[in-house]
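# Breakdown of the fold
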Amino acid sequence: MALKIRYSKYAREQMVLRGITEREVEEGIRKGIKQFQPPNKILSEYSYYAVVYKKIKDTCFVITIKPRW
């Protein structure tokens with residue numbers, strides 16, 4: 001089952017800048033190592049990038065994507 005994912009404008013810009021696809025973002029959310037960031041953000045580190053998002057009900061709202069190094 002595919003995740004429901006929405007992207008901020010900034011997240012889309014960062015995806016283009018870093019060459020990361022929607023599929024990679026979904027994989028990062030599913031398989032990444034999670035760290036909770038107050039007040040309600042999740043940092044999911046996977047491969048060479050990290051996805052910062054909020055989960056509201058059944059939707060992940062991606063805030064940004066950043067390199068891990």
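Below or above, wherever it landed, is the structure these notes cover. (Residues numbered from 1 in each chain as written. Predicted model: local features only at pLDDT ≥ 70, side-chain atom pairs only at ≥ 80, totals over all residues. Heavy atoms only, no water.)

Those residues of helix α1 (residues 9-18) that sit buried are Ala 11, Gln 14 and Met 15. Along the axis of α1, the buried residues cluster in a sector spanning 105°; they form a single face. Residues of α1 that are exposed and angled more than 90 degrees away from the buried face: Lys 9, Val 16 and Leu 17. Tucked inside the fold, the buried residues of α1 contact β1 (4-7), α2 (22-31) and β5 (59-67). Where α1 ends, the next residue or the one after it, Gly 19, has phi of about 65°, a positive value. (Buried < 20%, exposed > 50% of the residue type's maximum accessible area, 1.4 Å probe, protein only. Helix = DSSP H or I, 4+ residues; strand = E, 2+ residues; numbered from the N terminus. Arc of directions from axis to C-beta. Contact = heavy atoms within 4.5 Å.)

The next thing to look at is the side chain of Thr 64. Within the fold, Thr 64 resides in strand β5. In this structure Thr 64 comes out as buried when scored by relative accessible area, which is 13%. Discounting residues that sit within four places of it in the chain, Thr 64 has contacts with Tyr 10, Ala 11, Gln 14, Ala 50, Val 51 and Val 52.

So, on to the nonpolar core. In globular proteins that are soluble, nonpolar side chains generally tend to be buried together. Counting residues in each nonpolar core, the largest one holds 14 residues, and the members touching the most others are Tyr 7, Val 25, Ile 29, Val 51, Tyr 53, Val 62 and Ile 65. Every element with two or more residues in this core is listed here: β1, α1, α2, β4 (49-56) and β5. Residues within four places of Ile 65 in sequence aside, it is in contact with Ala 11, Gln 14, Met 15, Arg 18, Ile 20, Val 25, Tyr 49, Ala 50 and Val 51. (Core = buried A, V, L, I, M, F, W, Y, C linked by side-chain atoms within 4.5 Å.)

This part takes up the pairing of β1. Here β1 shows a clear split, with Ile 5 and Tyr 7 buried on one side and none of Lys 4 and Arg 6 buried on the other. Bridge count between β1 and β5: four bridges; the pairing is parallel. Looking across to β5, one finds that Lys 4 is bridged to Thr 59. (Pairing = 2+ DSSP bridges.)

Moving on, we get to α2. Turning to α2, its buried residues are Val 25, Gly 28 and Ile 29. Along the axis of α2, the buried positions cluster into a sector of 95°, meaning they face one direction only. Across α2 from its buried face, at more than 90 degrees, point the exposed residues Arg 23 and Lys 31. Buried residues along α2 sit against β1, α1, β2 (33-37), β3 (41-46), β4 and β5.

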